[in-house]
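# Structural description and commentary
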Amino acid sequence: MQIINGNRTIKSPSVIHAENIIKTYNQGTENELEILHGINLDIKRGEFVSIVGQSGSGKSTLMNILGLLDRPTSGSYFMNGQDMNAAPDKALARIRNKSIGFVFQNYNLIARTNGISNVELPMLYAGLSPRARKERAIELLHMVGMENRMDHTPDELSGGQKQRVAIARAMANDPDVILADEPTGALDSKTGHMVMDIFHRLHEEEKKTIILITHSNELAAETSRIIHIKDGEIVPA
Amino acid sequence: MIIENLKLALASIKANKMRSFLTMLGIIIGISSVIAIMTVGNSLTKAEEESMSSMGANNIMVGVYTESDTAGEMPTFKEETMQGLVKAYGKRISAIGIDSQVGTGTARSQVSNDGKTTSVTVDGVNSGYFKANNVTTIKGSTFAKGAYENGTNVAIISDLFAEAIFGSVDKAMGQTVEINVDNNYTTYTVVGAYKFENNGTMGTKKSTVFYIPLKTAQNQLHSTDVYGFTAVAKNSDDSSALSADIMSYLQKILNPDNDEDIVIYADSLQSYIEEASKMLGQITIAIAMIAGIALLVGGIGVMNIMTVSITERTREIGTRKALGAENYQIMLQFVTEAIILCLLGGIIGVALGVSLGLLASSGLGYPGTVSMTSVLGSVGFSMAVGLFFGYAPARKAAKMNPIDALRYE
């Protein structure tokens, strides 16, 4: 790997390259708390990686930083070779929109808005035409097996169905990486397996880079690489 | 993007119908009261202006009266005074109308003698009267010059009078009518007829007016005293100025000692209209201020509910940001919602205000006239209220930290 200083870009096959990421909350106050103590991480294109840790291990904080929802206190983070520390908030919003697909434990679908509109939302923010949005949304809902319920609002859907819509939404702008934060956490094991099957399909058929954040070793075992995190540090298995 | 925001706003308003309605109430009350008052005011002004202009907007009513009971000392408008006035201001006056009422009596035909009678007011008029009062003959003509000079017994009657006594206007021409005023019987020859016009509250009932030459009336009254007349300005723009000039001229001639008991007036209808619309304008300003307060309170209500709504939807905002919404897009969404909320309130307010205003106008006996300016102005203003009071909550939403928003329970 070659790092070009000053130019703030690196030549790397990695989608995600993090160096010595430190995150400190309440910096400079009595309650100062360092959550991440220097994380080094490299995730290559097409990998299906799981980040495993107990609650309080810092895995959610790491996910927020990887998902560009938060910035590290120090350290560098490159996505597709671009230095994210240097990017202004506006640029981060655009990268979240185009390059990252979020799947949350509690789905976070927009209430009172039907499935198809939820899937269209990232494309709306990306500035796609109504027609293009609709076509793509239908295609994605078909892929997750939700084409028959795309007019349903979230409160008319079961947990598994909501998560399938959420996965379709995460795929909307064909992101470089899907960040799934405990995506089966609120589902029973059968539905959970169905959702995991979708991720496997996305990984194998669509060659998507997927980062699965979970506390479950069983789920993590399904992925090709497991990164253990404990007390804010990456530890060997 | 705009269409999506509109859809979102409507969906959000629909989802909380009761809350949205209560929020809009302040706007509805504010806008509807303005529109109602404006409609009534507009209807009133229009009706008054129409009735006044049918009387002649160029007319100046000139008269004299005394404040105390020192009768006998009261000046009247003498022949030479009138001539002096015409000499001084003749170029700006198109007509001077003088009338002197003989009284009210009973009229009947001398020919048919079938016992048909009708009640009339006998009014002696000069040649300028017809022009000053907008009376035009539909048959025959106004009095000949000789009739005015010699005081002959000729008359101009209304079409209704002609139909009642003679059957038609045509049959009435040249006929003789006998009028009994206080048991003084006088006969007149009909030389013309005018069309009766009911011009509402301001006009006299011309149907019953029986015009004779001024001199004829003065002969019967044994008096040439004139206490008032109507001067018609050539140019309506000049009528206010002309009325002031006439007043000061007559003051100099008739009341050189400035006796406070003697009041000479020269009021133009133009100045009445100006006065009335000025008063109405002041009332409108007062109402607008009250409505402004209602809208302010309504606007604060909108701000409050938007703040609540944004807090409730913190997770949604977080999700939108995670999906790549930029701050301005979030801001636009909530500003749109506030504007739509106020716009709906404004539209309901306009509908309510127009109905109330029209109802009130017809209750007062005026044809309703809706002011489009106030309708459009109100709708625009309600949107401005939404923009103004929705801005701060929307900005708050736009500036939310995405992680905090996503984590919000």
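The following paragraphs examine the structure supplied in this document.

What counts as what
- Residues numbered from 1 in each chain as written.
- Chains lettered and ligands numbered in written order.
- Predicted model: local features only at pLDDT ≥ 70, side-chain atom pairs only at ≥ 80, totals over all residues.
- Helix = DSSP H or I, 4+ residues; strand = E, 2+ residues; numbered from the N terminus.
- Rg over C-alpha atoms; globule rule 2.2 N^0.38 Å.
- Buried ≥ 20, exposed ≤ 12 C-beta atoms within 10 Å, placed from the backbone.
- Contact = placed C-beta atoms within 7 Å.
- Pairing = 2+ DSSP bridges.
- Axes fitted to C-alpha atoms, helices over the stretch in contact; angles between N-to-C directions.
- Nonpolar A, V, L, I, M, F, W, Y, C, P; charged D, E, K, R; others polar.
- Parallel < 35°, antiparallel > 145°, perpendicular 65-115°, else oblique.
- Left-handed = near helix turned anticlockwise from the far one by under 90°.

### Some details on the overall build of chain B
When its secondary structure is counted, chain B shows 14 helices and 11 strands. Relative to a compact globule of 409 residues, whose C-alpha radius of gyration would be 22 Å, chain B shows 34 Å and is clearly more extended. In terms of its C-alpha atoms, chain B occupies a principal-axis envelope of roughly 105 × 55 × 35 Å. Buried positions account for 40% of the 409 residues belonging to chain B.

### Comments concerning the overall build of chain A
The helix and strand inventory of chain A stands at 7 helices and 12 strands. Here the C-alpha radius of gyration of chain A, 18 Å, is about what a compact globule of 237 residues would show, namely 18 Å. Seen through its principal axes, chain A has C-alpha atoms that stretch 50 × 40 × 35 Å. Within chain A, the proportion of its 237 residues that are buried is 45%. Within chain A, counting contacts between residues at least 6 apart in sequence, those at least 24 apart form 69% of the total.

### Considerations on the pairing of strand S11 (residues 225–230) of chain A
In the sheet, strand S5 (residues 48–52) of chain A pairs with S11 of chain A via 4 bridges, with the strands oriented parallel. For Val52 of chain A, the partnering residue across the bridge sits in S11 of chain A and is His228 of chain A.

### Observations concerning the sheet that holds S5 of chain A
Strands belonging to one sheet form pairs held by backbone hydrogen bonds; the direction of such a pair is parallel or antiparallel. Residues and elements named next belong to chain A. Reading across from one edge, S8-S9-S10-S5-S11-S12 is the order of the 6 strands in this open sheet, with mixed pairing throughout. The open sheet has two edge strands with one neighbour each: strand S8 (100–103) and strand S12 (233–235). Ignoring which end each strand starts from, the neighbouring axes of this sheet average 25 degrees apart. Pairing geometry for strand S9 (residues 177–181) and strand S10 (residues 209–214), over 5 bridges, is parallel. Bridged to Asp181 within S10 is Ile213. Against the sheet, helix H6 (residues 189–205) touches S5, S9 and S10, its axis set at about 155 degrees to S10.

### Thoughts on the interface of chain B and chain A
Taken together, the contact between chain B and chain A spans 16 residues of the former and 18 residues of the latter. Only helix H1 (2–15), helix H11 (314–322) and helix H14 (402–407) of chain B provide two or more residues apiece to the side of chain B that touches chain A. Here the side of chain B that touches chain A gets 5 residues from one element, more than from any other, and that element is H11 of chain B. Across the side of chain B that touches chain A, the residue classes break down as 8 nonpolar, 3 polar and 5 charged.

### What about the environment of Met74 of chain B?
Residue and element names in this part refer to chain B. For Met74, the location among the structural elements is in the loop between strand S1 (59–66) and helix H3 (79–89). By C-beta crowding, Met74 is classed as partly exposed, having 14 other C-beta atoms within 10 Å. Separated by 153 residues in the primary sequence, Met74 and Tyr227 place their C-alpha atoms 9.4 Å from one another. Excluding residues within four positions of it along the chain, Met74 makes contact with Val64, Thr66 and Ile262.

### A closer look at unusual backbone geometry
Residue and element names in this part refer to chain A. A positive phi angle is found at Leu68, which is not glycine, with a value near 60 degrees. Classification of Leu68 by C-beta neighbours within 10 Å gives buried; the count is 24. Backbone geometry places Lys207, a non-glycine residue, at a positive phi of 55 degrees. For Lys207, the location among the structural elements is in the loop between H6 and S10. Residue classification places Lys207 among the exposed positions, given that 9 C-beta atoms sit within 10 Å.

### Topic: the sheet that holds strand S11 (residues 262–268) of chain B
Residues and elements named next belong to chain B. Overall, antiparallel pairing links the 4 strands, which are arranged S2-S10-S1-S11 in an open sheet. Lying at the two open borders of the sheet, with one neighbouring strand each, are strand S2 (93–97) and S11. Strand-to-strand twist across the sheet, computed as the mean angle between neighbouring axes with direction ignored, equals 20 degrees. Bridge analysis of S2 against strand S10 (residues 228–233) gives 4 bridges, and the strand direction is antiparallel. Its bridge partner being in S10, Gly97 is matched across the sheet by Thr230. Seen against the sheet, helix H9 (residues 239–254) touches S1, S10 and S11 and runs at an angle of roughly 160 degrees to S11.

### Some points on the packing of helix H10 (residues 269–312) of chain B against helix H13 (residues 372–398) of chain B
Two quantities define a packed helix pair, namely the angle between the helix axes and the distance between the axes. Residue and element names in this part refer to chain B. As a packed pair, H10 and H13 sit with axes 9 Å apart at the nearest point and diverge in direction by 25 degrees. It follows that H10 is roughly parallel to H13 by the angle criterion. Of the two elements, H10 crosses H13, and the hand of that crossing is right-handed. Counted together, Leu295, Gly298, Gly299, Ile300, Val302, Met303, Met306, Thr307 and Ile310 of H10 and Val385, Gly386, Phe388, Phe389, Gly390, Ala392, Pro393, Lys396 and Ala397 of H13 form the full contact between these two elements.

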